[in-house]
Each structure stands twice: as C-alpha cells, then as structure tokens.
Amino acid sequence: MMPVSQDKQRRRTLLLKSVQHCSRTSSSVRSFVLTGAHTHRAPHKSSVHTQKQTVRVFDEENNDVTPQPLSQDAGVTQAESSRFLQDELSAGSVSLQTAGSGSFTGMPCSSSFLGSSRISSQSTLGSMNEEIEDAFSKLELHTHIPDVRGMKSTGKEAVTEDQLSEIINVCITETESFSLLDLPSTIMSVDADDAEVIRQRNQRYMESSKNRAGDDRFINRWMQTLNGAVKNKQVQSTSVCTADTAVSVTPWDMYDFVCGVGEEKAEVSAEPKRTEHPQASLTSSKCADGSISLGSTASSVSAASSLKELEASGAVVSTDSDLQSIMLSDKFLLSLDVMEKCVLLNSFQPRLAAYRQLPVLKGWSDVSEIVNQEMLSHREAEERSSISPTLECLWVFTCGPSEGWSVSSMAWNKNNPDILAVGYSEGSSTNQSAGLVCCWSLKNPRWPQRILPCDSAVTSVDFSALSQLAVGMKDGNITIHTLQSQEDCSISSRDSSNTHVGPVWQLRWSEQELSLSEEKSESLFSVGADGWIRQWFVHNNSIESIDLMRLKRSHSVEKKTENVLAVQTAGCCFDFHPTDHSVYLTGTVEGLIHKCSCSNTQQFLETYRKHLCPVTCVAWNTLVPDLFLSSSSDGSIKLWKQDQPDALMSFGSSLRAVCDLGWSPSCASVFAAVREAQLEIWDLNSNILDPVVVQPAVPGVGMSSLLFCSQTDCVLVGDQSGQVTVYLLSNLRQGDSSQVEVVEAILRSAA
Amino acid sequence: MAQLADVEETLKRIEAHKGVIGTVVVNAEGIPIRTSLDNSSAVQYAGLLQDLTMRARSSVRDMDPQNDLTFLRIRSKKHEIMVSPENNFLLIVIQNPCE
C-alpha cells in the first residue's frame, strides 16, 4: 500500500502494512547480528527495556541492512527508536504501553511529538513484531530524520514537494462509545394493572408512526444499538422428590365409599388394628373410609413372614384384649352358632336329607355310606318281601340339661318349621316340681337353641303364628315367651286376676274372628284342671283372660253325691276344628267329650260319651272333615264323626293308657298313638284291627308324647328320659283314589 | 353382650364334636388368639385362610357390591375346613366328617 521509493532501496520505511510487501522486494537477509551496543536511554522512558545490545542485520551482499531508527532527534528519539527496534527485535514482545508512553511510535499520529505526520508509525506493534521477525526491511531514517528535524526547527513552513509526494499514513482508531440517547425498553406483564394504559400508548404510537410515513418532518432512521453482553445465570434448587403410588380399586370399594360411609363411621375404632393387616398382593385396594372388610386395607406386609414375626415377638398383650372383645361380641356367638350347625350337619347330613326327603349324597362321607347302605338294604329287604311301612330312627334330640326329664309336650314353630319346642317336666310323674322348655333346631340336634327354665313342670307348649311360645305349667301359670331376641321376654299370667287354679293341661293358639269385624286375631286358649276353658288376650305386657266355658259335671254321673265344690270337672284336652275355628272339642276327666262353640259359653253343643276313663287326647282329622279321634286312659282309641253321637270305630284294646295321639298331616288314614310302652302307627287303609307298625320303647323308658311333622313323613316321640326321637315313616301305602273317599269307604265298610 | 361362659361352652362343644380336628379364632391382624391346634399349625391356617377369605370376599363383592361373604367351606380329600368370616375376626374349624 505504501510503495517504497526506488532511489532508496536500502532504506525502507518501516511500515506495518507494507512490511510484507517490502520484504518481497528486498533482498533477502542473510544474517542477523545482534550486537550489544549500549544505547542512550531517556530517563523518562519506562524501565521495561534494559536492552543494551545493538542488533545489526546483513543481507546477502553483506550490506548493512540494519534497520535504522526512525528519528535521531536529540539522540533521545533515536535512542528510543533504536531501543524500540531493539526491543522489537530482541525481546520479540511488544508493549504498547511502553512504546506509547511518549514514544512517537505506536501512537496515534496526532500525538507524534515530531509534529509531523511523515514519521511513520505502526498502528499496532504486535503485527509489526511479527513482520520484523519474518523479514527485515531497511529503515530509511538517517537521511530523513535530519530532514525532518530540519523542518521541525523551522516550525510551520510551506510544505515541500517532497513532503507532498510522500505517503502519509493515517491511523484511525476507535474512540469510546458516546451515548447520545439511551432509551431502555420497559417490559411489563400483561396482567399488570396499568398494562392497559401501556398498551394504548403502544397502539397510539404505532398509528402515529404509520401516519408519519409521508410526513417530511419525520425520517425513518435505523441505528445500530449495542447489544448487551449475555450472561448466563444458573440457579440450583433441591430436586423434587417423586414417589410412585399405585392403587387398584375394586367395584365394591367404590360402592363402599359411596354408600357405606355412614355405616362404617361407627366402626372406625377398629381401624387402627387393620393397618398392619397382612395383605395379599392381589387385593391391594385402598381402604376408602375405614371399611373393615378383610380385604380392603392398603398395607403391603407379606402375610406369612409378618405373622411369624409377630408370633415370635410375642404380641401377647394386644391379643388378650382382642380375645376378650371378640369373644364377647354378638357376632362371635352367631358365628359359633352357624359353625356348630355346619359341623353337625356334616355328620347328620344323610339323616337330615332323609328327613327332608332329599336324596342322600353318595360318597359324602363314610357315615353316609353306612347309613345309605343300611337304608338301602332295609328298603330292599322290605321291598322284596312286602311293601310294608317301616319306622326308622333318624336321630335323637337330647342334651345335658334335659337328661332325665320327661317330655310332656312338643310343638312346631308355625313360622319356621325347623324349630321345635319341647316341654319337659322333671322327674317321675308324681314328683314334678320344675320344668324346662327347650327350643330345638333341626340343624343342631345336639344342643337346643334356647333353654328356658320354668318354675313348675311344663304340661303344654304351643307356638303362635307370631312365634310366641306359650307355656302352660302345672301350677296353673301360663307364660308367653317372645323368642325373637336372645334375651328372654316373657309375660306371665301370674299377675292376672283370672288364672287357672290347677294345672293347665293344654294350650292352643287359635285364630278367632272378632265379633264385630271380620278380622282374625289370634288368642290363646287353655283348658285347666279347674274345669275352666279360658281365652287369653295379650295386652302390652300382660295377659287377661275371659272364661270361655265351664266344664260342668254331667249330672248323670254324679247325681247322688252332689258336691257343691266339685261342680266342675277337669278338662284334659281340647282341639279346635280345622276349618271352623269357633268349634272345639274338649275331653274331660269323666271320659266325656264335649263339642263346644266359642260363642256359646253356657252349653255344650254336643257330648260324646263312650270313654270310661279320662280322655287324654282328642284330635280332629285335618283332611277328612268331621272326623276325630279320641284316646283315653282306658287304652282305647275311638274314631268319631262329628254328627254322630256314637263312636264309629274303636282301636286298640290293651289296657295300657294311650298318652298321645295324632293324625298324619299328609295321609288321611294314618294316625299314630303313643302308649307308654310303644309307638303305634295305624293305617286305616290297610288294617283297622292292628297297628301297621309298632315300635317298642326302650325298656325302662316310657314314651310320653307324640308329634307329627307337617312336611315330611316323620314322627317325633318324646320319652321319659328327656329324649325326642325322630322316626321316619316310610312305605305307607298310598291309594290312587282320594283319601277322603278311601276313608269314607272304610267307614262304610266298617259300619 | 354375650356371656363369656356361653361362648366358651359353645366353643368347647364344637371342639368336642365328632370329627372336629381343631378350631382357630383369628383376630383382625391375622394372629390366632385362641386355638385347639398347635401353634405352628394355627398360624399357618390363619395366614393362609385369611388370604383366601379376602380373595373370596373380593370376588363375591366384585360381582355385586351389595352382596357379602357369609361363610366359606373348603372340602378336601381329608378334611373339611369351615371359615366364618367377620369384620374383625375369623373363626376356622377343621373337621374330618368321615370319622
């Protein structure tokens, strides 16, 4: 860029920018000698350089091409320049500051102390340094400097031609930035309160700037602004801890939560125990609100291992309290009850199946096999020989408390045909002071569901339609028990004004039509040894009675000795007509059977005389109308028709008293009678002279009571040792024609 | 509240019945609190049957949330295990009906 004068080849201006250019044209430097000549040093120079060496450069032709100092003004500048060059050549390091601290070199040309812009100066010493090392160029100084010096001394003179033709280097550097207008932009949130104002301002500005497009007063001008240095900032925070949870919810869990919230609030107290509950991994549903079902807690303890640990650690204290609370809870008793029945049913299953006329499962258990075999073989034997009715003992209701007591009465629950009430009286028939009532369930033949001790020997029991149990006792007391709950609620007739004086021989609940309305209400009827038949009404917690009938002594028997006191004769039994509930039969001690009506309290409708001894039982036939049986202590059983005053038939002639009697509910011609020594089953269809089946009693133990089962062909027999035996009646021949016709045919044939 | 004597008596009656091998009463946490078997068997029965009862109950209630499990009987070759599940306890009876 700055050409070198041709005539001064050996002296070159030391220029930064043209050094490269110069080097090409100059002869190559052959050698480079560094001599250590001491140079003058200006006192105000910086002390950085302590060079005392003089460097002499020779080219190929041994010409001295040592760069000369730029100027030799007062020897100082020369020294400075030489020093400067030496510094450059030797040190190889450029210090802009030292050179610029008064040196003419490296400074803006304006600050050259020579006052002349002819002096070359390097713009940057760094680049010069490099150039010097690479190549050398002659410095044209010695001749020039005096010229320059000469010129300076004169001050301002006219510029010579030489000077004009000289190439002058102008150095341009950057000044610091001046800030003319600093209008920093403001940033504001859109949600800020005065954002609206700002937005409007912006809007207005945009519109006005658009309007000014054609306006001459305003010119759009672009300016480059400084971009601020970007600084990265980092903020460290604690990491957010995350945990994964998973819950599997079952439909019933959701149902519990939605519907069962109120119910389970009461049981929240049990919840803390549930949290350690071992959990199967399958049902890991969350416990919604304390639902305490076994499968709804959210712990994850493995079952077996935790159990073993707990066992090993011996958590005895909590288990004791648990035991107490569990054992005393009602649910536990209920569970025990059900469990007992299940356990017993396992062994009693074939017998109960036979009772209920269900097929006995083969292979259920070995017991069933045996029983089945027995029954099969028995039946087969029977079938092979003849189809004769058989009695099989299925099981025996017996328990500890009732052992040794005599069964006096039995009754089925009308609502639940599985429940049987049995009345016991203690000891032999003479000494009877205490009584017992047991409510048995068919499902538990080993232990009664309820045990109700009574003050006096129980003579009669009967269930009402509402499952109230009426108990008649020997002391004339009648107690009505409500058996719905576990506690014993009973109403006694002791407080009533009108009670029986003697033993209550029989009780019966019967539906009666109320006089004014057509409603039917059930009331209790009793017949007692004092000769009164009473109807009892239950009010709130007491019962009241009205006298229904007075059993007067018949005059024909006791005519001679009219005992004023013994006007009445004791009634032993009674039975209501199966369809017309207002008509009933009653048997007396005299052996008379009276037919009475509830509406007529003064007179008997009819009297049947045949028996000589007290009538122990009368029973209407439920299937054939107007037929009834009566049994008495004289050992005979007589069959009567309602309208005829004479007995149609008489059965049995043994002298043993008949204790109890009953018609079969399913077969019109079958009835059973219990004498003390045996159970007799009569079938009028097959044999009117002898009982079809005779079951002798266990020797020493007399039978005392009989009850048919309403739904199956079973007979219950109670004996004097407190046992109630269930017999299955089978193979009773059933004719094709209707039973009523059969019976009537029999009657006609007998007559 | 039921009488403790009645409860004890009933439990003894069950244990004395023909074929009953043992009974276990398990509390809510799966710990047998009263048993007639040896301890290790009782613990094993309690743990295993509790799981099974939970699963059975869950199955029953999944079908119909208004339904609930009342009794569980498992008949095997050798015994029959009967479980009466309740909210806060489990009554287990093992019986061999073939005796």
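Residues numbered from 1 in each chain as written. Chains lettered and ligands numbered in written order. Predicted model: local features only at pLDDT ≥ 70, side-chain atom pairs only at ≥ 80, totals over all residues. Heavy atoms only, no water.

Engineer: Explain the overall build of chain B residue by residue, including any values.
Structural biologist: Counting its regular elements, chain B contains two helices and five strands. Counted from the first residue to the last, chain B has its helices and strands arranged as α-β-β-α-β-β-β. Sequence-distant contacts, at least 24 apart, represent 37% of the contacts inside chain B between residues at least 6 apart. With the model as given, the accessible surface of chain B reaches about 4400 Å², and the carbon-plus-sulfur share is 51%. (Helix = DSSP H or I, 4+ residues; strand = E, 2+ residues; numbered from the N terminus. Contact = heavy atoms within 4.5 Å. Areas by Shrake-Rupley, 256 points an atom, 1.4 Å probe, with all protein chains shown as cover.)

Engineer: For the overall build of chain A, give the residues involved together with the corresponding values.
Structural biologist: For chain A, the helix and strand inventory stands at 15 helices and 30 strands. Taking all 751 residues of chain A together, the buried fraction comes to 43%. In chain A, once contacts between residues fewer than 6 apart in sequence are set aside, the share between residues at least 24 apart is 51%. Carbon together with sulfur atoms contributes 53% to the accessible area of chain A, which is approximately 40400 Å² in total. (Buried < 20%, exposed > 50% of the residue type's maximum accessible area, 1.4 Å probe, protein only.)

Engineer: Which residues make up the environment of Leu72(B), and what are the values?
Structural biologist: All names here are of chain B. Its place among the elements puts Leu 72 in strand S3 (residues 72-75). In the structure, Leu 72 is positioned 20 residues away from Ile 92 in sequence and 9.5 Å away in space, judged by C-alpha atoms. Excluding anything up to four places from it in sequence, Leu 72 contacts Leu 52, Thr 53, Ala 56, Ile 81, Met 82 and Val 83.

Engineer: So what's going on with the pairing of strand S14 (residues 532-539) of chain A? Residues and values would help.
Structural biologist: Residue and element names in this part refer to chain A. When strand S13 (residues 520-528) meets S14, the two strands line up antiparallel, connected through four bridges. Bridged to Ser 526 within S14 is Arg 534. What sits between S13 and S14 in their antiparallel hairpin is a turn of three residues, with Gly 531 showing a positive phi close to 90 degrees. Here eight bridges tie S14 to strand S15 (residues 542-550), and the two strands are oriented antiparallel to one another. Bridge pairing links Phe 537 to Glu 544 in S15. Linking S14 to S15, which pair antiparallel, is a turn of two residues; within it Asn 540 sits at a positive phi near 45 degrees. (Pairing = 2+ DSSP bridges.)

Engineer: Please provide a residue-by-residue account of the packing of aromatic side chains, values included.
Structural biologist: Residues and elements named next belong to chain A. Under the definition given, this model contains 16 aromatic pairs over all chains. Aromatic side chains Phe 576 and Tyr 584 sit 5.4 Å apart centroid to centroid with 45 degrees between the ring planes, which places their arrangement in the tilted category. In this structure Phe 576 comes out as buried when scored by relative accessible area, which is 7%. Judged by its relative accessible area of 0%, Tyr 584 falls in the buried class. Among the aromatic side chains, those forming a connected cluster through ring pairs are Tyr 355, Trp 395, Phe 397 and Trp 440. (Phe/Tyr/Trp six-rings, centres within 6.5 Å; stacked < 30°, edge-to-face > 60°.)

Engineer: Give me a nonpolar patch on the surface: which residues, what numbers.
Structural biologist: A cluster of nonpolar side chains, namely Ile168(A), Val170(A) and Ile172(A), defines an oily patch on the protein surface of about 320 Å² accessible area. Note on placement: Ile172(A) falls in the loop between helix H6 (161-165) and helix H7 (195-211). (Patch = residues over 30% accessible without salt bridge, like charges linked within 9 Å, V, L, I, M, F, W, Y side chains within 5 Å. Salt bridge = Lys/Arg side-chain N within 4 Å of Asp/Glu carboxyl O.)

Engineer: Can you tell me about the state of the cysteines, naming the residues and giving the values?
Structural biologist: Residues and elements named next belong to chain A. Tallied over the full model, the rule gives zero disulfides over all chains. Considering cysteine sulfurs only, Cys 399 is the nearest to Cys 438, which forms no disulfide, with 4.7 Å between them. We classify Cys 438 as buried; its relative accessible area is 0%. In this model Cys 454 remains outside any disulfide bridge; the closest cysteine sulfur is found in Cys 438, 9.5 Å from its own. Cys 454 sits in the buried class, given a relative accessible area of 10%. (Disulfide = S-S within 2.5 Å.)

Engineer: Run through the sheet that holds S13(A), naming residues and quoting values.
Structural biologist: Residues and elements named next belong to chain A. The antiparallel open sheet is built from four strands, whose spatial order is S12-S13-S14-S15. In this open sheet, the two strands that pair with only one neighbour each are strand S12 (504-513) and S15. When strand polarity is set aside, the average angle formed by the axes of neighbouring strands in this sheet is 30 degrees. (Axes fitted to C-alpha atoms, helices over the stretch in contact; angles between N-to-C directions.)

Engineer: Break down the environment of Thr616(A) for me, citing the residues and quoting the values.
Structural biologist: Residues and elements named next belong to chain A. Residue placement: Thr 616 occurs in strand S20 (residues 615-620). Judged by relative accessible area, Thr 616 falls into the partly exposed class, the value being 25%. Put simply, Thr 616 and Thr 586 are 30 residues apart on the chain and 9.9 Å apart in space, counted from C-alpha to C-alpha. Beyond its immediate sequence surroundings of up to four residues, Thr 616 is in contact with Cys 573, Ser 631, Ser 632, Ser 633, Val 658 and Cys 659.

Engineer: Can you lay out helix H8 (residues 251-259) of chain A for me, pointing to particular residues and giving the numbers?
Structural biologist: By the burial criterion, the buried members of H8(A) are Trp252(A), Asp253(A) and Asp256(A). Each buried residue of H8(A) sits inside an arc of 110 degrees when the element is viewed along its axis, so together they form one side. (Arc of directions from axis to C-beta.)

Engineer: Help me get a handle on the confidence of the model for chain A, residues and values and all.
Structural biologist: Summing up the model confidence of chain A, the mean pLDDT is 69 and the portion of residues at 70 or higher is 64%. Between residues 381-385 of chain A, whose pLDDT stays under 50, and residues either more than four places distant or in other chains, the model counts four contacts. (pLDDT = per-residue confidence, 0-100.)

Engineer: Tell me about the packing of H8(A) against helix H2 (residues 39-63) of chain B, and name the residues and values.
Structural biologist: Look at H8(A) against H2(B): their axes get within 8 Å of each other, and the N-to-C directions meet at 70 degrees. It follows that H8(A) is roughly perpendicular to H2(B) by the angle criterion. On the side of H8(A), the interface is formed by Pro251(A), Trp252(A), Tyr255(A) and Asp256(A), while H2(B) contributes Ser58(B), Arg61(B) and Asp62(B). For the contact of H8(A) with H2(B), a count of residues per class yields three nonpolar, one polar and three charged. (Parallel < 35°, antiparallel > 145°, perpendicular 65-115°, else oblique. Nonpolar A, V, L, I, M, F, W, Y, C, P; charged D, E, K, R; others polar.)

Engineer: Quick one: what's the story with the nonpolar core, residue by residue and with numbers?
Structural biologist: Residues and elements named next belong to chain A. Judged by nonpolar contacts, the single largest core of 29 residues is most densely connected at Tyr 355, Trp 395, Leu 420 and Leu 716. Looking at this core, the elements that each hand over two or more residues are helix H13 (330-355), strand S3 (390-397), strand S4 (406-412), strand S5 (419-425), strand S6 (435-441), strand S29 (714-719) and strand S30 (724-730). Sort the elements by how many residues they give to this core and H13 lands first, with five residues. Contacts of Trp 395, omitting those with residues within four sequence positions, involve Phe 348, Arg 351, Leu 352, Tyr 355, Leu 442, Pro 445, Val 724, Thr 725 and Val 726. (Core = buried A, V, L, I, M, F, W, Y, C linked by side-chain atoms within 4.5 Å.)

Engineer: A description of the confidence of the model for chain B should follow, citing residues and the corresponding values.
Structural biologist: Predicted coordinates in regions of low pLDDT should not be interpreted in detail. Taken over all residues, the pLDDT of chain B has a mean of 88, while the share at 70 or more is 97%. This prediction of the complex comes with two scores: 0.60 for pTM and 0.86 for ipTM.

Engineer: Account for the pattern of salt bridges, with residues named and values stated.
Structural biologist: Following the criterion strictly, the structure yields 16 salt bridges over all chains and no others. Linking Asp418(A) and Arg356(A) is a salt bridge whose minimum nitrogen-to-oxygen distance equals 3.1 Å. Residue Asp418(A) is found in the loop between S4 and S5, and its partner Arg356(A) is found in the loop between H13 and helix H14 (366-385); the two are separated by 62 residues along the sequence. Looking at Asp418(A), the relative accessible area reads 12%, which means it is buried. Put simply, Arg534(A) and Asp530(A) hold a salt bridge, and the shortest N to O gap is 3.4 Å. Connected through shared salt-bridge partners, Glu340(A), Glu9(B) and Arg13(B) make up one network.

Engineer: Which residues make up the side chain of His577(A), and what values go with them?
Structural biologist: Residues and elements named next belong to chain A. With respect to the element layout, His 577 can be found in the loop between strand S16 (571-576) and strand S17 (583-588). The class for His 577 is buried, based on a relative accessible area of 7%. A polar contact is formed between the side chain of His 577 and the side chain of Thr 579, at a distance of 3.0 Å. One polar contact links the side chain of His 577 to the main-chain amide nitrogen of Asp 580, over a distance of 3.2 Å. (Polar contact = N/O pair within 3.5 Å; in protein donor to acceptor, adjacent residues only side chain to side chain.)

Engineer: Got a sec to walk through the sheet that holds strand S23 (residues 647-651) of chain A? Specific residues and values, please.
Structural biologist: All names here are of chain A. Pairing within the open sheet is antiparallel, and its four strands lie in the order S20-S21-S22-S23. A single partner strand is all that each edge strand has here, and the edge strands are S20 and S23. Across the sheet, the mean angle separating the axes of adjacent strands is 20 degrees when strand polarity is ignored. In the sheet, strand S21 (residues 627-632) pairs with strand S22 (residues 637-641) via five bridges, with the strands oriented antiparallel. Bridge pairing in S22 places Ser 631 opposite Ile 637.

Engineer: So what's going on with the side chain of Ser705(A)? Which residues, and what values?
Structural biologist: Here Ser705(A) lies in strand S28 (residues 703-708). Setting aside chain neighbours within four positions, we find Ser705(A) in contact with Val407(A), Ser408(A), Ser409(A), Met410(A), Asp660(A), Val674(A), Leu716(A), Val717(A) and Gly718(A).

Engineer: An account of H2(B) is needed here, citing residue identities and associated values.
Structural biologist: Between its first and last C-alpha atoms H2(B) spans 36 Å; for 25 residues at 1.5 Å apiece the expected length is 36 Å, and the two agree. When H2(B) is considered as a whole, its buried residues turn out to be Ala42(B), Val43(B), Ala46(B), Gly47(B), Leu49(B), Gln50(B), Thr53(B), Met54(B), Ala56(B), Arg57(B), Ser58(B) and Arg61(B). (Expected span 1.5 Å × (residues − 1).)

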